[in-house]
Amino acid sequence: MADDPGPELPGLSRIPAEPTGGPRTARDLVVDALCVLLAAALAAVGIWLDPTSDRIPVAVDVVAGVAGSAALLWRRRFPVPVAVGLIALSVVLPVVGAASAIALFTVAVHRRAAVAGAVTVPAVLSTPSEYLLWPGTAGPAGTLGASAGSAALCLALTGWGAVVRSRRQLVLAWADRARQAETEQRLRVERVRRAERERIAREMHDVLAHRLSLLSLHAGMLEYRRALPSEKLAGTAAVIRSGAHQSLNDLREIIGLLRAPDIGSDRPHAGGVVGVRRTRRPLRRPGHTGHT
């Protein structure tokens, strides 16, 4: 299991600087291949220039260099174990020093500062331990200078990795805030649309209630005035039929308006303000200018 990246910046409690458990992208594969090739090339140069080669068989150096370089393929998923293992191995086999430096940088990028600092301490101490194990001909002054240079390099790698991690976290934070702002804006638009639909539906409901009351009035007139001439009777029946048809249409528009999805085009609904204004027209008989 990969070690936990842990929090770094406030508000980004569980956001790693870069995904460590998912599939690798093309960029990740290219960077990993370059890191492996760089570590292998520096290991080959170290085997050629290492003054301790007379005490370490070349075959052992070659195997260690290849293994240390190949271990960098797992530096994203297991950065701390890979770094600690390579740092410890570099004390005995200096040929893996370049791979351990790359692994230390990876820890600083993918893990919080406390973890990176804890891994940096043995990395700083590995160089004097290496020179104590393989004194060579450098002498105390040379050992001290090499140790100071190695410590400066380790601190520089850790600081550089921390800067890269902070920058990536800020980018993730900005992207997350942009997504949140977009979501909030979409919700506000949905609420406005819903409120407008409900307002239009309430207005249409009032107009529909008025129209139904007029229909009831016309129907009551037919009930109490049965002696109406046939023409007026037919006209009133036509008014009732037309009003009932319009009422059904208005009812369908109200139901469709309330059932409309929250996310849609900004085009006004067919049963919107125009429909409300249309329904405001009172029921009239054909050729009549007032109520019956």
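Reading the values: the criteria
Residue indices follow the written sequence of each chain, beginning from 1 at its first position. Under the rules for a predicted model, residues below a pLDDT of 70 receive no local features and side-chain atom pairs below 80 are neither given nor counted, while totals for whole chains, interfaces and linings still include all residues. Water and hydrogen atoms were dropped before computing side-chain values, which therefore reflect all heavy atoms in the structure. Helix and strand labels come from DSSP, where a helix needs a run of H or I of at least four residues and a strand needs a run of E of at least two; each type is numbered from the N terminus. Buried residues are those whose accessible area, probed at 1.4 Å on protein chains only, stays under 20% of the maximum for their type, while exposed residues exceed 50% and partly exposed ones sit between those limits. By definition in these notes, contact holds between two residues if any of their heavy atoms fall within 4.5 Å. All accessible areas in this document rest on Shrake-Rupley with a 1.4 Å probe, and a residue is counted as covered only by the protein chains that are shown. Between the first and last residue of a helix there are one fewer steps than residues, each counted as 1.5 Å, and that sum is the expected span. Note that the arc is computed from the directions linking the helix axis to the C-beta atoms. In this text, buried Ala, Val, Leu, Ile, Met, Phe, Trp, Tyr and Cys residues form a nonpolar core when linked through side-chain atoms within 4.5 Å. Whenever a carboxyl oxygen of Asp or Glu lies within 4 Å of a side-chain nitrogen of Lys or Arg, that contact is scored as a salt bridge. Like-charged residues are merged into a patch within 9 Å and nonpolar side chains (Val, Leu, Ile, Met, Phe, Trp, Tyr) within 5 Å, provided each residue has over 30% relative accessible area and no salt bridge. Ring geometry is summarised as follows: Phe, Tyr and Trp rings, the Trp one being its six-membered ring, pair when their centres sit within 6.5 Å, and such pairs are stacked at plane angles under 30 degrees, edge-to-face over 60 and tilted between the two.

(A) Spatial organisation of the overall build of the protein. Within the protein one finds eight helices and zero strands. When the helices and strands of the protein are placed in sequence order, the string is α-α-α-α-α-α-α-α. By the burial criterion, 34% of the 292 residues in the protein qualify as buried. Within the protein, contacts between residues at least 6 apart in sequence are counted, and of these 77% link residues at least 24 apart. Carbon and sulfur atoms form 67% of the exposed surface of the protein, whose accessible area is close to 17300 Å².

(B) Local environment of helix H2 (residues 58-71). Here H2 contains 14 residues, and its C-alpha end-to-end distance of 20 Å stays within 8% of the 20 Å for a straight helix at 1.5 Å per residue. Among all positions of H2, only Asp-61, Ala-64, Gly-65, Gly-68 and Ser-69 are buried. On an axial view of H2, the arc spanned by its buried residues comes to 125°, and they lie on one face. Across H2 from its buried face, at more than 90 degrees, point the exposed residues Ala-59, Val-63 and Val-66.

(C) Geometry of the nonpolar core. Ranked by size, the top nonpolar core spans 20 residues in total, and within it Leu-72, Leu-86, Ala-103, Val-107 and Val-119 carry the most contacts. Of all elements in the fold, only helix H1 (26-49), helix H3 (79-92), helix H4 (97-110) and helix H5 (113-133) reach the threshold of two or more residues within this core. Per-element accounting of this core gives the leading share, six residues, to H4. In this structure, Val-119 is in contact with Val-80, Ala-83, Val-84, Ile-87, Leu-104 and Val-107, ignoring residues within four places of it in sequence. Core analysis: the second largest hydrophobic core is formed by six residues, Ala-43, Ala-64, Leu-93 and Val-95 among them.

(D) Fine view of the pattern of salt bridges. In this structure the tally under the stated criterion is five salt bridges. Arg-75 is paired through a salt bridge with Asp-32; the nearest N and O atoms lie 3.1 Å apart. Of this pair, Arg-75 sits in the loop between H2 and H3 while Asp-32 sits in helix H1, and the two are 43 residues apart along the sequence. The pair Arg-75 / Asp-32 is uniform in exposure class, with both members buried. Across the pair Arg-179 and Asp-176 runs a salt bridge, and its minimum N-O distance is 3.6 Å. Taken as a pair, Arg-179 and Asp-176 lie in helix H6 (residues 139-224) at a separation of three residues, close to a single helical turn. With a relative accessible area of 27%, Asp-176 lands in the partly exposed category.

(E) Representation of a nonpolar patch on the surface. A contiguous nonpolar surface patch, about 310 Å² in accessible area, is contributed by Val-30, Leu-34 and Leu-37. Here Leu-37 shows up in helix H1. Judged by relative accessible area, Leu-37 falls into the exposed class, the value being 57%.

(F) A look at the packing of aromatic side chains. One pass over the structure, following the stated rule, counts one aromatic pair. Relative to Trp-160, the ring of Phe-105 lies with its centre 4.7 Å away and its plane at 45°, an arrangement referred to as tilted. Residue Phe-105 is located in helix H4, and its partner Trp-160 is located in helix H6; the two are separated by 55 residues in the primary sequence.

(G) H4, seen in detail. The end-to-end C-alpha distance of H4, which contains 14 residues, comes to 20 Å, matching closely the 20 Å that a straight helix rising 1.5 Å per residue would cover. Most of H4 sits inside the fold, with twelve of its 14 residues counted as buried.

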